[in-house]
Amino acid sequence: MSSTDPHFTEPIEPFRPKKALVLTKFSRYEFEKKRNPDLNEEQLIASLSSRGSDYQKLISHHNIHKQNRDHIIECLTASGIETKVVNRTEYNDNNIDWADVIITSGGDGTFLMAASKVNNRNKPLIGVNSDPKRSVGHLCLPIRYSNDFGSALRLFSEGKFKWKYRQRIRVILESENANEEPLELHEQQLKCLENRFLDMDGSHESMPHNETKNQKREKKTLPYKALNEVFVGESISSRVSYYEFSANDKKKAKLKSSGLTVCTGTGSTSWFFNINKVTPQCVQSLFQIINAEINGQTLPENDSKAIERVT
């Protein structure tokens, strides 16, 4: 990357952080170990096998991720940067405030999680793809820096890079339950094995669904900002969501669906894109109907590339 860019009128200042926080993802192996603390290695292998998972592949990808994490730490240390390593359970305001820069070792998911808890818009976030053969890592540095992070640090220190600013979504809750502590799905999965969010003890049944005039409504700005998208819906995914929707203070509309997804430009290429994408099977069927019903039409109903372009 070059410091010369037509969108910038001033040269980019060299970036030489003194303290770096490295957020490392839980590999699938680490996740399984944490979720099954009472199982020894042989028992874990048997458990994974019964669920159709390959233990050796898990170990292989875990080692690849670990090597990348260690490589990042070595490069930071060699550059004289004080470094602290945390996982998602240790990623909190105190550690974020301590750091001059946050570096993620993982994929896009780790980057998105890191971005959600940064409240200072001037706190830089740099993503490193820890397993580029397995994922693209659109939000991470180019793949060549995965195993050569030292080169990226040199470019930062020389000002040969450019910052990219992205918008995030802020969410404000207004409800009699607004001040309750939030629950994280990831933590619920660790505690309750295969059970999903709020589905383990029936506690959601006691949560009030309808407000009354006597209940005091509270407003709370969530301490997270979504870099990709916000999903609004029932905590149990199989339930239908009922809600009233209004934009820009216009008249409310009553809706019933699987939920509502609000996307940023960053998130529109993932969840939003796949929600709205027309399936190849649907496009092929339309081609076949048009070819059968309209004389002279020969749309490429068996051309997978043409069908993919339409989707």
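- The protein goes by NAD(+) kinase in an unreviewed UniProt entry, where it is assigned to Medioppia subpectinata.
- Here is the UniProt Sequence similarities (unreviewed entry) comment for the protein, exactly as written: "Belongs to the NAD kinase family."

Topic: the nonpolar core
Soluble globular proteins tend to bury their nonpolar side chains together.
So, point 1. Core analysis: the biggest nonpolar cluster contains 20 residues, and I72, L76, I103, L141, F149, L153 and F156 have the highest contact counts within it.
So, point 2. For this core, the elements supplying multiple residues, two or more each, are strand 1 (19–24), helix 3 (55–78), strand 3 (101–106), strand 4 (125–129) and helix 6 (149–158).
So, point 3. The leading source of residues in this core is helix 6, at 5 residues.
So, point 4. Apart from residues lying up to four places away in sequence, I103 is in contact with A20, L21, V22, L23, I72, L76, I126, V128 and F149.
So, point 5. Membership of the second largest hydrophobic core comes to 17 residues, among which are V86, W98, F111 and L139.

Notes on the sheet that holds strand 2 (residues 82–86)
So, point 1. Pairing within the open sheet is parallel, and its 4 strands lie in the order 2-1-3-4. Only two strands of the sheet have a single neighbouring strand rather than two, namely strand 2 and strand 4. Across the sheet, the mean angle separating the axes of adjacent strands is 20° when strand polarity is ignored.
So, point 2. In the sheet, strand 1 pairs with strand 2 via 5 bridges, with the strands oriented parallel. Within strand 2, the residue paired with K19 across the bridge is E82.

Thresholds applied
- Residues numbered from 1 in each chain as written.
- Predicted model: local features only at pLDDT ≥ 70, side-chain atom pairs only at ≥ 80, totals over all residues.
- Heavy atoms only, no water.
- UniProt positions renumbered as here; feature names shortened; annotations may be inferred.
- Core = buried A, V, L, I, M, F, W, Y, C linked by side-chain atoms within 4.5 Å.
- Buried < 20%, exposed > 50% of the residue type's maximum accessible area, 1.4 Å probe, protein only.
- Helix = DSSP H or I, 4+ residues; strand = E, 2+ residues; numbered from the N terminus.
- Contact = heavy atoms within 4.5 Å.
- Pairing = 2+ DSSP bridges.
- Axes fitted to C-alpha atoms, helices over the stretch in contact; angles between N-to-C directions.

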